[in-house]
Amino acid sequence: MSAEVEEMLKHFHSMKNVVGIVVIDNDGIPIKSTLDHTLSVHYAATMQTLREKARQVVLDLDDTNEFLFLRMRTLYHEIMLCPKPDYFIVVVQNPSE
């Protein structure tokens, strides 16, 4: 794993509201996570689908544009998805604290 990924993990993990971080390869397999295995696999599968859909929506709107970051808030969590060329990172945080 690259030093860049390790540095991002350290940065996000130091934030007080972060519940978990999952680094996922382009095949949708979690390669590093601070969550338990079952939850990591669940986030990896659902976020892989969301990443592809979001990327396609951005390209459909403007084919010269690029999908760089997605942030969404649910009733219980805020989820951030950051795609990179070889992997993507999902950060789950508690927005109420």
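Before any of the text, the structure's been laid out above.
All values reported here derive from a predicted model rather than from experimental measurement. (Residues numbered from 1 in each chain as written. Predicted model: local features only at pLDDT ≥ 70, side-chain atom pairs only at ≥ 80, totals over all residues. Heavy atoms only, no water.)

**Student:** Help me out: how do you make sense of the sheet that holds strand S5 (residues 87-93) in this one?
**Tutor:** By way of backbone hydrogen bonds, the strands of a sheet pair with one another, either parallel or antiparallel. Judged by pairing direction, the sheet is antiparallel, and its five strands sit side by side in the order S2-S1-S5-S4-S3 without closing on themselves. Each having just a single partner strand, strand S2 (30-33) and strand S3 (70-73) make up the two edges of the open sheet. The mean inter-strand angle of the sheet, taken between neighbouring strand axes irrespective of direction, is 15°. Two elements, S3 and strand S4 (residues 78-83), share four bridges in a ladder whose sense is antiparallel. Residue pairing across strands places Leu70 opposite Leu81, the latter belonging to S4. The strands touched by helix H1 (residues 3-13) are strand S1 (18-25), S2 and S5; relative to S1, the strand with the most contacts, the crossing angle is about 160°. Against the sheet, helix H2 (residues 37-61) contacts S1, S2, S3, S4 and S5, and its axis sits at roughly 115° relative to S5. (Pairing = 2+ DSSP bridges. Helix = DSSP H or I, 4+ residues; strand = E, 2+ residues; numbered from the N terminus. Axes fitted to C-alpha atoms, helices over the stretch in contact; angles between N-to-C directions. Contact = heavy atoms within 4.5 Å.)

**Student:** For this particular structure, what's the right way to read the nonpolar core?
**Tutor:** Considering soluble globular proteins, one finds that nonpolar side chains tend to be buried as a cluster. Within the largest apolar cluster, 14 residues are counted, with the highest numbers of intra-cluster contacts made by Ile24, Tyr43, Met47, Ile79, Leu81, Phe88 and Val90. Listing elements by their share of this core, those giving two or more residues are S1, H2, S4 and S5. Considering every element that reaches this core, the biggest residue donor is H2, with five residues. Apart from residues no more than four positions distant in its own chain, Val90 is found in contact with Gly20, Ile21, Val22, Ile24, Tyr43, Met47, Ile79, Met80 and Leu81. Counting eleven residues, the second-largest nonpolar core is a separate cluster that includes Phe12, Tyr87, Ile89 and Val91. (Core = buried A, V, L, I, M, F, W, Y, C linked by side-chain atoms within 4.5 Å. Buried < 20%, exposed > 50% of the residue type's maximum accessible area, 1.4 Å probe, protein only.)

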